[in-house]
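Here's the letter readout for the chains.
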Amino acid sequence: MIFTKAKLFLCALFLTSISASFSAQNRISDHNNIGWYAYNGTFKLDSKFSIHTEYQWRRNDYITSWQQSLLRLGLNYQANPNLQLRVGYAWAETFPYGEIPLNSLGKDFTEHRIYEMATISDKIGKVDLSHRFMLEQRWVGRYSDANLTSEDQYPFMNRVRYMIRLQMPLKGNSIGDKTPYVAVYDELMIGFGKNVGENVFDQNRIGVLLGYKFNNLVRVEGGYLNQIVQFGREIEGKNVFQYNNGFIVSANFNFDFSKKAVD
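Below, the structure is looked at part by part. Here the structure is a predicted model, which is why all the values come from computation and not from measurement.

Conventions we followed
Residues numbered from 1 in each chain as written. Predicted model: local features only at pLDDT ≥ 70, side-chain atom pairs only at ≥ 80, totals over all residues. Heavy atoms only, no water. Helix = DSSP H or I, 4+ residues; strand = E, 2+ residues; numbered from the N terminus. Buried < 20%, exposed > 50% of the residue type's maximum accessible area, 1.4 Å probe, protein only. Contact = heavy atoms within 4.5 Å. Pairing = 2+ DSSP bridges. Axes fitted to C-alpha atoms, helices over the stretch in contact; angles between N-to-C directions. 1 Å grid on protein atoms, 1.4 Å probe; cavity = no way out; pocket = protein on both sides within 12 Å on 5 of 7 lines; lining within 4 Å. Points joined across faces, edges and corners; volume = space filled by probe spheres on them. Nonpolar A, V, L, I, M, F, W, Y, C, P; charged D, E, K, R; others polar. Phe/Tyr/Trp six-rings, centres within 6.5 Å; stacked < 30°, edge-to-face > 60°. Lys NZ or Arg CZ within 6 Å of the ring centre and 35° of its normal. Patch = residues over 30% accessible without salt bridge, like charges linked within 9 Å, V, L, I, M, F, W, Y side chains within 5 Å. Areas by Shrake-Rupley, 256 points an atom, 1.4 Å probe, with all protein chains shown as cover. Salt bridge = Lys/Arg side-chain N within 4 Å of Asp/Glu carboxyl O. Polar contact = N/O pair within 3.5 Å; in protein donor to acceptor, adjacent residues only side chain to side chain. Core = buried A, V, L, I, M, F, W, Y, C linked by side-chain atoms within 4.5 Å.

1. What about the overall build of the protein?
(1) Moving on: Along its length, the protein carries two helices and 11 strands.
(2) Moving on: The order of helices and strands in the protein, counted from the N terminus, is α-β-β-β-β-β-β-β-β-β-β-β-α.
(3) Moving on: Expressed as a percentage of its 263 residues, the buried residues of the protein come to 41%.
(4) Moving on: Long-range contacts, defined as pairs at least 24 residues apart, comprise 57% of the intrachain contacts of the protein with a sequence gap of at least 6.

This is how it looks when you write it as C-alpha coordinates:
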(Lines give C-alpha, C1' and ligand atoms only; values in the text may rest on other atoms or scores of the structure.)
Protein backbone atom coordinates (compact mmCIF):
# COMPACT_ATOMS: atom_id res chain seq x y z
CA MET A 1 0.00 0.00 0.00
CA ILE A 2 2.82 2.42 0.89
CA PHE A 3 4.61 1.61 -2.37
CA THR A 4 1.41 2.22 -4.36
CA LYS A 5 0.84 5.58 -2.68
CA ALA A 6 4.44 6.55 -3.39
CA LYS A 7 3.92 5.76 -7.08
CA LEU A 8 0.76 7.86 -7.23
CA PHE A 9 2.50 10.77 -5.51
CA LEU A 10 5.48 10.57 -7.88
CA CYS A 11 3.19 10.51 -10.94
CA ALA A 12 1.18 13.47 -9.63
CA LEU A 13 4.37 15.43 -8.96
CA PHE A 14 5.64 14.58 -12.44
CA LEU A 15 2.46 15.77 -14.18
CA THR A 16 2.33 18.92 -12.05
CA SER A 17 5.90 19.83 -12.99
CA ILE A 18 5.09 19.45 -16.69
CA SER A 19 2.01 21.65 -16.37
CA ALA A 20 3.99 24.35 -14.57
CA SER A 21 6.72 24.26 -17.20
CA PHE A 22 4.29 24.99 -20.03
CA SER A 23 2.21 27.66 -18.29
CA ALA A 24 4.24 30.68 -19.41
CA GLN A 25 3.01 32.52 -22.48
CA ASN A 26 6.12 34.60 -23.22
CA ARG A 27 7.52 32.27 -25.86
CA ILE A 28 8.25 31.68 -29.53
CA SER A 29 6.99 28.40 -30.99
CA ASP A 30 8.49 26.32 -33.79
CA HIS A 31 6.51 23.33 -35.11
CA ASN A 32 8.06 20.38 -36.95
CA ASN A 33 7.06 16.94 -38.25
CA ILE A 34 9.49 14.22 -37.23
CA GLY A 35 10.16 10.54 -37.89
CA TRP A 36 12.43 8.49 -35.63
CA TYR A 37 13.74 5.08 -36.74
CA ALA A 38 15.54 3.09 -34.05
CA TYR A 39 17.54 -0.09 -33.54
CA ASN A 40 18.07 -1.53 -30.06
CA GLY A 41 20.23 -4.60 -29.48
CA THR A 42 21.00 -6.36 -26.19
CA PHE A 43 23.74 -8.97 -26.01
CA LYS A 44 23.34 -11.07 -22.86
CA LEU A 45 26.68 -12.31 -21.54
CA ASP A 46 25.54 -14.15 -18.41
CA SER A 47 22.77 -13.97 -15.79
CA LYS A 48 23.92 -10.53 -14.60
CA PHE A 49 25.73 -8.71 -17.41
CA SER A 50 24.74 -7.67 -20.92
CA ILE A 51 25.80 -5.11 -23.53
CA HIS A 52 23.38 -2.51 -24.85
CA THR A 53 23.69 -1.12 -28.39
CA GLU A 54 21.42 1.50 -29.93
CA TYR A 55 21.19 3.72 -32.98
CA GLN A 56 18.46 6.24 -33.76
CA TRP A 57 18.04 7.78 -37.21
CA ARG A 58 15.99 10.88 -36.39
CA ARG A 59 14.53 12.78 -39.33
CA ASN A 60 12.70 16.06 -39.91
CA ASP A 61 9.68 16.32 -42.26
CA TYR A 62 9.11 12.65 -41.33
CA ILE A 63 12.05 11.40 -43.45
CA THR A 64 13.23 14.17 -45.79
CA SER A 65 16.09 15.75 -43.82
CA TRP A 66 18.20 15.19 -40.73
CA GLN A 67 17.09 16.06 -37.24
CA GLN A 68 19.62 14.07 -35.23
CA SER A 69 21.88 11.03 -35.42
CA LEU A 70 22.27 9.23 -32.07
CA LEU A 71 24.48 6.29 -31.08
CA ARG A 72 24.35 4.87 -27.57
CA LEU A 73 26.36 2.04 -25.98
CA GLY A 74 26.17 0.66 -22.45
CA LEU A 75 26.96 -2.12 -20.00
CA ASN A 76 23.96 -3.54 -18.12
CA TYR A 77 23.96 -5.14 -14.67
CA GLN A 78 20.83 -7.01 -13.58
CA ALA A 79 20.90 -6.38 -9.84
CA ASN A 80 17.66 -8.36 -9.34
CA PRO A 81 14.63 -9.30 -11.48
CA ASN A 82 13.12 -5.81 -11.00
CA LEU A 83 16.22 -3.59 -11.13
CA GLN A 84 18.63 -3.07 -14.01
CA LEU A 85 21.62 -0.71 -13.84
CA ARG A 86 23.53 0.67 -16.82
CA VAL A 87 26.56 2.86 -17.50
CA GLY A 88 27.49 3.97 -20.98
CA TYR A 89 28.48 6.47 -23.63
CA ALA A 90 26.40 8.29 -26.24
CA TRP A 91 27.32 10.31 -29.33
CA ALA A 92 24.84 12.64 -31.00
CA GLU A 93 25.02 14.88 -34.08
CA THR A 94 22.24 17.48 -34.16
CA PHE A 95 21.42 19.28 -37.41
CA PRO A 96 19.94 22.74 -38.18
CA TYR A 97 16.37 21.60 -38.80
CA GLY A 98 13.17 23.65 -38.54
CA GLU A 99 12.61 27.38 -38.94
CA ILE A 100 14.70 28.17 -35.85
CA PRO A 101 17.81 25.95 -35.51
CA LEU A 102 18.93 24.85 -32.06
CA ASN A 103 22.40 26.25 -32.76
CA SER A 104 22.29 30.07 -32.92
CA LEU A 105 24.62 30.07 -35.96
CA GLY A 106 22.47 27.58 -37.86
CA LYS A 107 25.16 24.89 -37.78
CA ASP A 108 25.14 21.23 -36.87
CA PHE A 109 26.91 20.31 -33.63
CA THR A 110 28.31 17.21 -31.93
CA GLU A 111 27.57 16.07 -28.40
CA HIS A 112 29.37 13.49 -26.27
CA ARG A 113 27.68 12.01 -23.21
CA ILE A 114 28.46 9.67 -20.35
CA TYR A 115 25.38 8.36 -18.61
CA GLU A 116 24.22 6.27 -15.66
CA MET A 117 20.79 4.65 -15.63
CA ALA A 118 18.53 2.62 -13.35
CA THR A 119 15.31 0.95 -14.51
CA ILE A 120 12.81 -0.35 -11.96
CA SER A 121 10.15 -2.70 -13.30
CA ASP A 122 6.89 -3.90 -11.78
CA LYS A 123 3.71 -5.67 -12.84
CA ILE A 124 0.17 -4.69 -11.86
CA GLY A 125 -2.29 -7.25 -13.20
CA LYS A 126 -1.78 -7.35 -16.98
CA VAL A 127 0.17 -4.08 -17.03
CA ASP A 128 3.97 -3.96 -17.09
CA LEU A 129 5.19 -0.77 -15.42
CA SER A 130 8.72 0.63 -15.53
CA HIS A 131 10.45 3.70 -14.11
CA ARG A 132 13.69 4.76 -15.81
CA PHE A 133 16.03 7.21 -14.12
CA MET A 134 19.00 8.56 -16.08
CA LEU A 135 21.81 10.98 -15.23
CA GLU A 136 23.83 12.41 -18.13
CA GLN A 137 27.14 14.26 -18.23
CA ARG A 138 27.13 16.18 -21.52
CA TRP A 139 29.81 17.91 -23.58
CA VAL A 140 27.87 19.90 -26.19
CA GLY A 141 29.77 21.35 -29.17
CA ARG A 142 29.78 25.12 -29.66
CA TYR A 143 31.32 27.55 -32.17
CA SER A 144 33.10 30.65 -30.88
CA ASP A 145 33.11 32.16 -34.41
CA ALA A 146 30.64 31.92 -37.27
CA ASN A 147 33.48 31.31 -39.76
CA LEU A 148 34.54 28.06 -38.10
CA THR A 149 33.66 24.80 -39.83
CA SER A 150 33.85 22.67 -36.67
CA GLU A 151 33.25 23.19 -32.98
CA ASP A 152 36.10 24.58 -30.91
CA GLN A 153 34.38 24.52 -27.52
CA TYR A 154 32.59 21.77 -25.56
CA PRO A 155 30.99 23.28 -22.45
CA PHE A 156 29.97 20.75 -19.81
CA MET A 157 26.33 20.34 -18.75
CA ASN A 158 24.29 17.92 -16.67
CA ARG A 159 20.85 16.52 -17.31
CA VAL A 160 18.56 14.23 -15.34
CA ARG A 161 15.79 12.22 -17.02
CA TYR A 162 12.79 10.29 -15.74
CA MET A 163 10.56 8.07 -17.89
CA ILE A 164 7.46 6.17 -16.88
CA ARG A 165 6.27 3.47 -19.27
CA LEU A 166 3.21 1.20 -19.18
CA GLN A 167 2.56 -1.66 -21.56
CA MET A 168 -0.19 -4.24 -21.77
CA PRO A 169 -0.82 -7.28 -23.99
CA LEU A 170 -3.75 -7.12 -26.40
CA LYS A 171 -4.35 -10.81 -25.84
CA GLY A 172 -3.64 -12.97 -22.83
CA ASN A 173 -2.28 -11.83 -19.48
CA SER A 174 1.38 -11.29 -20.39
CA ILE A 175 3.55 -10.37 -23.35
CA GLY A 176 4.90 -13.69 -24.62
CA ASP A 177 5.77 -15.02 -28.05
CA LYS A 178 3.53 -13.86 -30.93
CA THR A 179 1.80 -11.30 -28.74
CA PRO A 180 0.60 -7.83 -29.81
CA TYR A 181 0.67 -5.14 -27.14
CA VAL A 182 0.09 -1.44 -26.53
CA ALA A 183 2.51 0.87 -24.71
CA VAL A 184 2.51 4.47 -23.52
CA TYR A 185 5.36 6.48 -22.01
CA ASP A 186 6.24 9.96 -20.84
CA GLU A 187 9.80 11.19 -20.32
CA LEU A 188 10.83 14.45 -18.65
CA MET A 189 14.36 15.91 -18.95
CA ILE A 190 15.76 18.60 -16.65
CA GLY A 191 19.11 20.35 -17.16
CA PHE A 192 21.23 21.62 -14.29
CA GLY A 193 24.68 23.09 -13.70
CA LYS A 194 26.39 26.41 -14.40
CA ASN A 195 26.40 26.08 -18.22
CA VAL A 196 22.68 25.39 -18.55
CA GLY A 197 20.87 28.36 -20.11
CA GLU A 198 17.14 28.98 -20.29
CA ASN A 199 16.39 25.28 -20.67
CA VAL A 200 16.33 24.01 -17.10
CA PHE A 201 13.24 22.31 -18.46
CA ASP A 202 14.98 20.66 -21.42
CA GLN A 203 12.51 18.30 -23.05
CA ASN A 204 9.38 16.23 -22.65
CA ARG A 205 8.50 13.23 -24.81
CA ILE A 206 5.23 11.32 -25.02
CA GLY A 207 4.79 8.12 -27.02
CA VAL A 208 1.75 5.95 -27.77
CA LEU A 209 2.81 2.69 -29.40
CA LEU A 210 1.60 -0.58 -30.83
CA GLY A 211 4.06 -3.45 -30.55
CA TYR A 212 4.46 -7.09 -31.48
CA LYS A 213 6.74 -9.60 -29.80
CA PHE A 214 7.65 -12.33 -32.25
CA ASN A 215 9.77 -14.27 -29.76
CA ASN A 216 12.55 -13.68 -27.22
CA LEU A 217 14.84 -12.53 -30.03
CA VAL A 218 12.75 -9.96 -31.94
CA ARG A 219 10.23 -7.32 -30.92
CA VAL A 220 9.02 -4.36 -33.01
CA GLU A 221 6.91 -1.35 -32.11
CA GLY A 222 5.81 1.94 -33.59
CA GLY A 223 3.37 4.78 -33.11
CA TYR A 224 2.87 8.43 -32.27
CA LEU A 225 5.63 10.61 -30.79
CA ASN A 226 5.35 14.11 -29.33
CA GLN A 227 8.56 15.97 -28.45
CA ILE A 228 8.71 19.39 -26.76
CA VAL A 229 12.15 21.02 -26.63
CA GLN A 230 13.12 24.30 -24.95
CA PHE A 231 16.10 26.20 -26.35
CA GLY A 232 18.97 27.20 -24.12
CA ARG A 233 18.80 30.79 -25.39
CA GLU A 234 16.22 33.53 -25.79
CA ILE A 235 15.28 35.32 -29.01
CA GLU A 236 14.12 38.92 -28.65
CA GLY A 237 13.71 38.36 -24.92
CA LYS A 238 11.44 35.35 -25.39
CA ASN A 239 11.90 31.67 -24.63
CA VAL A 240 11.85 29.39 -27.66
CA PHE A 241 10.02 26.06 -27.72
CA GLN A 242 9.93 23.40 -30.40
CA TYR A 243 6.78 21.32 -30.76
CA ASN A 244 7.69 18.22 -32.77
CA ASN A 245 5.04 15.68 -33.71
CA GLY A 246 5.38 12.53 -35.76
CA PHE A 247 6.05 8.86 -35.32
CA ILE A 248 8.67 6.45 -34.05
CA VAL A 249 9.46 2.93 -35.30
CA SER A 250 11.88 0.65 -33.49
CA ALA A 251 13.26 -2.85 -33.90
CA ASN A 252 14.50 -4.53 -30.73
CA PHE A 253 16.75 -7.58 -30.62
CA ASN A 254 17.89 -9.72 -27.68
CA PHE A 255 20.85 -12.00 -28.32
CA ASP A 256 21.56 -14.53 -25.57
CA PHE A 257 25.22 -15.60 -25.54
CA SER A 258 24.99 -16.95 -21.99
CA LYS A 259 23.45 -20.21 -23.28
CA LYS A 260 26.37 -20.74 -25.65
CA ALA A 261 28.77 -20.16 -22.80
CA VAL A 262 27.03 -22.86 -20.74
CA ASP A 263 26.99 -25.30 -23.66
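Read on, since the account is not over.
2. Quick look at the sheet that holds strand β10 (residues 218–235)
(1) Moving on: The strand order β1-β2-β3-β4-β5-β6-β7-β8-β9-β10-β11 describes a closed barrel built from 11 strands, whose pairing is mixed. Taking each pair of neighbouring strands and ignoring which way they run, the sheet shows an average axis angle of 20°.

3. Focus: empty space enclosed by the protein
(1) Moving on: Summed over the entire model, instances satisfying the criterion amount to one cavity of 30 Å³ or more.
(2) Moving on: Considering the residues around the largest cavity, the lining is formed by R138, M157, N158, G191, V196, N199 and D202.
(3) Moving on: Partitioned by chemical class, the residues of the lining of the largest cavity number two nonpolar, three polar and two charged.

4. Observations concerning the packing of aromatic side chains
(1) Moving on: Following the criterion strictly, the structure yields 15 aromatic pairs and no others.
(2) Moving on: Look at F49 and Y77: their rings are 5.1 Å apart centre to centre, the planes differ by 50°, and that puts the pair in the tilted class. Linking F49 in strand β2 (residues 49–60) with Y77 in strand β3 (residues 65–80), this pair joins segments that are 28 residues apart in sequence.
(3) Moving on: What makes Y77 partly exposed here is its relative accessible area of 32%.
(4) Moving on: One aromatic cluster is present, formed by Y37, W57, Y62, W66, F95 and F247 through successive ring pairs.
(5) Moving on: Of note, R58 hangs over the ring of W36, and the distance from its end group to the ring centre comes to 3.8 Å.
(6) Moving on: When the ring centre of W66 is taken as origin, the NZ or CZ atom of R59, which lies over that ring, is 4.8 Å away.

5. Side note on the layout of surface pockets
(1) Moving on: There is about 750 Å³ of room inside the second largest pocket.
(2) Moving on: For the second largest pocket, the lining is made up of 34 residues, of which L102, F109, V140, N199 and G232 are closest to its centre.
(3) Moving on: Of all the secondary-structure elements, those providing two or more residues to the lining of the second largest pocket are β3, β5 (109–124), β6 (127–140), β7 (156–169), β9 (201–213) and β10.
(4) Moving on: In terms of residues, the lining of the second largest pocket owes the most to one element, β10, which gives six residues.

6. Considering a nonpolar patch on the surface
(1) Moving on: Residues L45, F49, I51, L75, Y77, L85, V87 and F257 make up a contiguous nonpolar surface patch of about 630 Å² in total accessible area.
(2) Moving on: Mapped onto the nonpolar patch, the elements with two or more residues apiece are β2, β3 and β4 (83–94).

7. What about the environment of Y143?
(1) Moving on: Checked against the element boundaries, Y143 lands in the loop between β6 and β7.
(2) Moving on: Distance from Y143 to S104, taken between C-alpha atoms, is 9.4 Å for residues 39 residues apart in sequence.
(3) Moving on: One polar contact links the side chain of Y143 to the main-chain carbonyl oxygen of D108, over a distance of 2.6 Å.

8. Brief notes about the nonpolar core
(1) Moving on: Of all hydrophobic cores here, the largest spans 10 residues; its members are I34, W36, M163, I175, Y181, A183, Y185, L209, L225 and I248.
(2) Moving on: Those elements that place two or more of their residues in this core are β1 (27–44) and β8 (179–192).
(3) Moving on: Looking at this core, the element that brings in the most residues is β8, giving three residues.
(4) Moving on: Aside from chain neighbours lying at most four places away, what touches I248 is W36, Y185, L209, E221, G222, G223 and L225.

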